[in-house]
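Per-entry structural report
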Amino acid sequence: MKWTAIPFAGEWGIATSFFQTAADEARVLSARPAVELRDEQRDERRDDQKRKPVPARAQEMAEQVKGQIGSVEGVSRVDAVKGYLNVYYRTSEYAQRVVDEVLASRADFGRGAAKGERVMVEYAQPNTLHSIHIGHARNTVLGEALARLTEFAGFETIRASYPGDLGLGVITVMWMYEKFYKGQEPQGVHERGQWLLKLYVEANVLLEKKENETPEQTAQREAYEAERREMYRKYDAGDASVRELWRVTREWALEELQDVLRILDVKMDVWFYESEVDEPSKAIVEELIAKGIADDERPQGGAVIVKIDEKLGLTKEKYRTNVILRRDGTTLYLTKDLALAKVKFEKYHVDRSIYVVDVRQSLHLQQAFAILKLWGFPQAEKCYHLGYGFVSLPEGAMSSRRGRVVLFKEVYDEAIKRVLAVESERSGNVPEGEREEIAKQIGLGALVYSMLAVDNNKDIVFDINEALSFDGRTGPYIQNAHVRANSILKKSKVESQKSGDLGPLTFDYELTKHEIELIEQISQFPAKVQQAANEYRPLVMAQFAYDLANAFHSFYHAVPVLQTEDEKIKNARLSLVAAAKQTIANALRLLDVQAPDVM
RNA sequence: GCCCCCGUAGCUCAAUGGACAGAGCGACAGCCUUCUAAGCUGCAGGUUGUGGGUUCGAGUCCCGCCGGGGGCGCCA
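Residues numbered from 1 in each chain as written. Chains lettered and ligands numbered in written order. Predicted model: local features only at pLDDT ≥ 70, side-chain atom pairs only at ≥ 80, totals over all residues. Heavy atoms only, no water.

1. A few points about the overall build of chain A
Looking only at helices and strands, chain A has 21 helices and 15 strands in total. Here the C-alpha coordinates of chain A stretch approximately 95 × 80 × 45 Å along the principal axes. A buried classification covers 50% of the 599 residues belonging to chain A. In chain A, the share of contacts with a sequence separation of at least 24, taken over all contacts with a separation of at least 6, comes to 74%. Accessible surface computed for chain A: about 28600 Å², of which carbon and sulfur atoms make up 48%. Of the side-chain charges in chain A, 81 are positive and 92 negative, and the distance between the mean point of each set is 2 Å. (Helix = DSSP H or I, 4+ residues; strand = E, 2+ residues; numbered from the N terminus. Buried < 20%, exposed > 50% of the residue type's maximum accessible area, 1.4 Å probe, protein only. Contact = heavy atoms within 4.5 Å. Areas by Shrake-Rupley, 256 points an atom, 1.4 Å probe, with all protein chains shown as cover. Lys, Arg positive; Asp, Glu negative; His and termini not counted. Charge placed at Lys NZ, Arg CZ, Asp CG, Glu CD.)

2. Here we look at helix α14 (residues 362-375)
The end-to-end C-alpha distance of α14, which contains 14 residues, comes to 20 Å, matching closely the 20 Å that a straight helix rising 1.5 Å per residue would cover. When we look at burial in α14, the residues that qualify are Leu365, Gln367, Ala368, Phe369, Ala370, Ile371, Leu372 and Trp375. (Expected span 1.5 Å × (residues − 1).)

3. Thoughts on the environment of Val540
Within the secondary structure layout, Val540 lies in helix α20 (residues 538-558). Taking the relative accessible area as the measure of exposure, Val540 reaches 9% and is therefore buried. Each C-alpha atom, one on Val540 and one on Ala453, is 8.3 Å from the other, the two residues being 87 residues apart in sequence. Beyond its immediate sequence surroundings of up to four residues, Val540 is in contact with Lys528, Gln531, Ala532 and Glu535.

4. Section: the environment of Asp592
Among the structural elements, Asp592 can be located in the segment after α21 (567-590). Asp592 gets classed as buried once you look at its relative accessible area, which sits at 8%. Linking Asp592 and Leu146, residues 446 residues apart in sequence, is a C-alpha distance of 9.6 Å. Residues contacting Asp592, with those up to four places away along its chain left out, are Glu144, Arg148, Leu264, Asp265, Val266 and Val448. A distance of 3.2 Å separates the side chain of Asp592 from the side chain of Arg148, its partner in a polar contact. (Polar contact = N/O pair within 3.5 Å; in protein donor to acceptor, adjacent residues only side chain to side chain.)

5. Points about the protein's contact with RNA strand B
Within the structure, RNA strand B sits among 67 residues, and Tyr84, Val323, Arg326, His364 and Ser487 are positioned closest to it. Counting only atoms of RNA strand B within 4 Å of the protein, the sugar-phosphate share comes to 61%. The set of elements that each furnish at least two residues to the surface near RNA strand B consists of α1 (19-31), β4 (84-89), β10 (321-325), α14, α18 (475-492) and α20. A total of eight residues in the surface near RNA strand B trace back to one element, the largest contributor, which is α18. Residue composition of the surface near RNA strand B, by class: 29 nonpolar, 19 polar and 19 charged. (Near = heavy atom within 4 Å. Nonpolar A, V, L, I, M, F, W, Y, C, P; charged D, E, K, R; others polar.)

6. Looking at the packing of aromatic side chains
Using the criterion set out here, one finds 24 aromatic pairs in the structure. Where Phe552 meets Tyr556, the ring centres are 6.2 Å apart and the plane angle is 40 degrees; that geometry is what we call tilted. With Phe552 and Tyr556 both in helix α20 and four residues apart, this pair spans about one turn of that helix. Relative accessible area serves as the criterion here: at 0%, Phe552 is assigned to the buried category. Above the ring of Tyr235, the side-chain terminus of Arg243 is found at 4.1 Å from the ring centroid. One cation-aromatic arrangement involves Arg473 over Tyr546; the distance from NZ or CZ to the ring centre is 5.9 Å. (Phe/Tyr/Trp six-rings, centres within 6.5 Å; stacked < 30°, edge-to-face > 60°. Lys NZ or Arg CZ within 6 Å of the ring centre and 35° of its normal.)

7. As for the sheet that holds strand β8 (residues 295-296)
For sheets, the rule is that strands pair by backbone hydrogen bonds, running either parallel or antiparallel. As summarised here, the arrangement of the three strands in space is β8-β9-β10, forming an open sheet in which the pairing is antiparallel. In the strand order of this sheet, the two ends are held by β8 and β10, each with one partner. Bridge count for β8 against strand β9 (residues 304-307) is two bridges, and the pairing is antiparallel. Opposite Asp295, over in β9, you have Ile305 as the bridge partner. (Pairing = 2+ DSSP bridges.)

8. Looking at the sheet that holds strand β15 (residues 460-461)
Strands sit in the order β14-β13-β15 across an open sheet of three strands; the sheet is mixed. Looking at the sheet topology across the chains shown, the edges are occupied by β14 (396-397) and β15.

9. Observations concerning helix α4 (residues 54-68)
Compared with an ideal rise of 1.5 Å per residue, which puts 15 residues at 21 Å, α4 spans 21 Å between its outermost C-alpha atoms and is within 8% of the ideal. Turning to α4, its buried residues number three or more, namely Arg57, Ala58, Gln59, Met61 and Ala62.

10. With respect to the packing of helix α6 (residues 134-153) against helix α16 (residues 435-452)
The interhelical angle for the contact between α6 and α16, taken along N-to-C directions, is 80 degrees, at an axis separation of 10 Å. Viewed along their axes, α6 and α16 adopt a mutual orientation that is roughly perpendicular. For the pair α6 and α16, contact is made by Ile134, Ala137, Arg138, Val141, Leu142 and Ala145 and by Leu447, Val448, Met451 and Leu452, respectively. Here the contact of α6 with α16 is built from residues that sort into nine nonpolar, no polar and one charged. (Axes fitted to C-alpha atoms, helices over the stretch in contact; angles between N-to-C directions. Parallel < 35°, antiparallel > 145°, perpendicular 65-115°, else oblique.)

11. Section: unusual backbone geometry
Phi is positive for Arg320, close to 60 degrees, though the residue is something other than glycine. Tracing the backbone through its elements, the reader meets Arg320 in the loop between α12 (308-312) and β10. Given the relative accessible area of 43%, Arg320 is considered partly exposed. The phi torsion at His349 lies on the positive side, around 50 degrees, for a residue other than glycine. Relative to the elements of secondary structure, His349 occurs in the loop between α13 (333-346) and β11 (352-358).

Any functional reading would require information beyond the geometric quantities listed.
Printed below as a string of structure tokens:
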């Protein structure tokens, strides 16, 4: 029998339906030969049952079962309604169980049992040529929330970053620097990152073919292009000065990435650099040729390719054919991803490998997974591409090449500014010395939540006013619930105390619907953790955090706590507030959002 | 041409095949001498793009159509 929560507010319990049973019965009755029925004494009644619509019969069954159930421990009543059997819990016992569990487990409330499975989440893969924009931020936040969820749900989790520190884009910035900006170096980690982006944009203007070029312009552009190609060649050949230039500019970019990760409270376990998988991936190409998976067309002046559909025996085109080694012997994105997967499987022994990558790369990753399967890696089945919609601007797609991007750091700074601007009017309780820190937590909370509160596959048109809204279904709304709970506890002076310190806890009084709704939300947290982790969807947790905060705000408004005269009820409510505060904090933590005590 | 994703309230988005499709924003009307008003309460807003099918039951699964977006061997 499958039990689900009763979707009613105000009272909680579990329910099961009888539709399936009723439908099955109807099938059996109608399948039985009529002659057999005629022999039955009560065939008329059977005919009635047969004709009875399924919902009505299901209701009948529910009522029957209800009649057979006596009184059950912890259950207040059983109802049969609309084909469902509803079992309502005895409120006081259930409430006490939930609150006790939260206050006993604290930060571990909701943590799933160890699953004995190792998961690697790969995210934060920006190129090392420019500053982190808001699209990278979505990627990072999504990956981090997912990692926190899988970890808390009981999976051993490894966080991996895969910065693209190689390729034409990187060379382009190096060329621009060498030619026009040599010796310059802005101070400040982010200033330097943004400056690299500026160089990249300028270089692309110089290198891009324009309409109606004069012969001089064409010659100039081609000369630049030749220089860039030469630099790429020198890099490949291991030229000392070019390598040094590469090392220095790369470091500037990585320092900025590190700082963004610090701001977002992301601690990577493993760093895979594109430059480090480049060489090993060439050996893989040879192996794939030897195994008959890849076809070497170089003798005919072609590349090394894998005819994926053909090798898999598919007749319809699905994965198509892809190149794994250019005709000039250099590697591609796909080549390196194959090498990286091998490392993940063999060195880190991951059972599941999650790639948090833009949905536009879906085909490429599917191709990579298919080749891994051909290659004989059983883990290929456990590779999962968590695609997410891209972040665009009202004026169109973001383009690093054209410099049409919204930088993460700009939005972050703006967020802090806006919080500080409203802090004086909205909150009087923030100590002067903590204003900046609290403003960071709230500003970032708004930004992060706005990106997680949308399902992965949705594109986001970035609107800064929407992303930094502090009202309604937002990060600050949830943070505020945490703050209000904290405020009550602080005034009651039990904040740091354990549930036991409140005396024997009992909810043996008539609970208001707001208290019951709040307890119901709290009790759902562990299941939501599992759901969000299993479905790879931080949105589930974002939604839950809002619902929980919403239940708390309503409770806060309608139910007095400190003013309660009955000491027992007051203590029960205080413990409920403590449980709510803890659960909100746990949920926010999984969303990579800070839970301030004041705001 | 082939593949993938999406279409739900004016807007932005939710909804393990189950009960009455829910929130926020925006609009309107209330609530601060009561634990923080970044809040609460009320009101309004829907033929879930469309036509079939499967099912006791479809926003959800299958097929067709319409509309939007993305991708498709030497970019990443």
